[in-house]
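# Analysis of the macromolecular model
Next come the chains, spelled out residue by residue.
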Amino acid sequence: EIAPLKADPTCSKLITGTPMTRSYVVGAGAGLANVLVYVKNAPAAGKGKAPATPSVIDQKGCLYEPYVIGAVTGHPVEIRSSDPVMHNVWFQKSSATPANATFNDAMAPGSKPKIKTFTSPEVFVKLTCSVHPWMVGYIAVVDSPYFSVTDKDGNFSIAGLPDGKYTLGVKHVKAGESTVEVDVAGGNAKVAATLEVK
């Protein structure tokens, strides 16, 4: 349970039910949500190509929604706030990827979305809010549009990948990363991967 959110006099009015942490969301058949699945050896033609849909993360009910999104280097990420309360979107760059600059932007109720671009791959960019310290969201920045984030039951789909043999990275904020080989033929392939929490 996210007790501070439930206890906050303003934010608690924006939610229904009991707000729960999202570090591990497990669905049907032990499927794990919020896992980035991406092609590590993406074809050169796909490098830097825009994703099919824009990358959007919202602040809703004093939480980042979705908890994890993907984005492509060099392409805009739209950060929204649907809440009638003040937030600030805070990202601190890491020494590993200094090209992705720190930002800390206030977002008053009704403010326009903030548009951010990340120039280097970074899995994961962590967003926080200084006003509401329980608020955490993640952006997985990769260098091609061949990625997906698993749904509540651990399912995913990557569209448009040419036929060939690829290595998929399967990465979770807490459970780490594994890889799996896949052979795409006729535009189709099925794959299953396992992450073990120790």
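Just above sits the structure.
Residues numbered from 1 in each chain as written. Predicted model: local features only at pLDDT ≥ 70, side-chain atom pairs only at ≥ 80, totals over all residues. Heavy atoms only, no water.

Our next topic: the nonpolar core. Grouped together as the largest cluster of nonpolar side chains are 24 residues, with contacts concentrated most on Ile79, Phe118, Leu127, Trp134 and Ile139. Elements with a contribution of two residues or more to this core: strand S3 (63–65), strand S4 (68–72), strand S5 (76–81), strand S6 (87–91), strand S7 (103–107), strand S9 (122–128) and strand S10 (136–142). In this structure Ile79 touches Ile57, Gln59, Val89, Phe103, Met107, Pro113, Lys114, Lys116 and Leu127, once residues within four positions along its chain are discounted. With 13 residues, the next largest nonpolar core counts Val35, Val37, Leu161 and Leu168 among its residues. (Core = buried A, V, L, I, M, F, W, Y, C linked by side-chain atoms within 4.5 Å. Buried < 20%, exposed > 50% of the residue type's maximum accessible area, 1.4 Å probe, protein only. Helix = DSSP H or I, 4+ residues; strand = E, 2+ residues; numbered from the N terminus. Contact = heavy atoms within 4.5 Å.)

According to the stated counting rule, one finds one disulfide in the structure shown. A disulfide-free cysteine, Cys129 has its sulfur positioned 7.8 Å from the sulfur of Cys62, the nearest such atom. (Disulfide = S-S within 2.5 Å.)

On to the sheet that holds S5. Within a sheet, neighbouring strands are paired by backbone hydrogen bonds and run either parallel or antiparallel to one another. In spatial order, the strands read S3-S2-S5-S8; together these four strands make up an open sheet with mixed pairing. The sheet terminates laterally at S3 and strand S8 (114–117), the two strands that pair on one side only. Going across the sheet, the axis of each strand differs from the next one's by a mean of 25°, ignoring polarity. Both strand S2 (residues 55–60) and S3 contribute to a ladder of three bridges, which runs antiparallel. Along S3, the bridge assignment pairs Asp58 with Glu65. (Pairing = 2+ DSSP bridges. Axes fitted to C-alpha atoms, helices over the stretch in contact; angles between N-to-C directions.)

No statement about biological role is implied by the geometric values presented.
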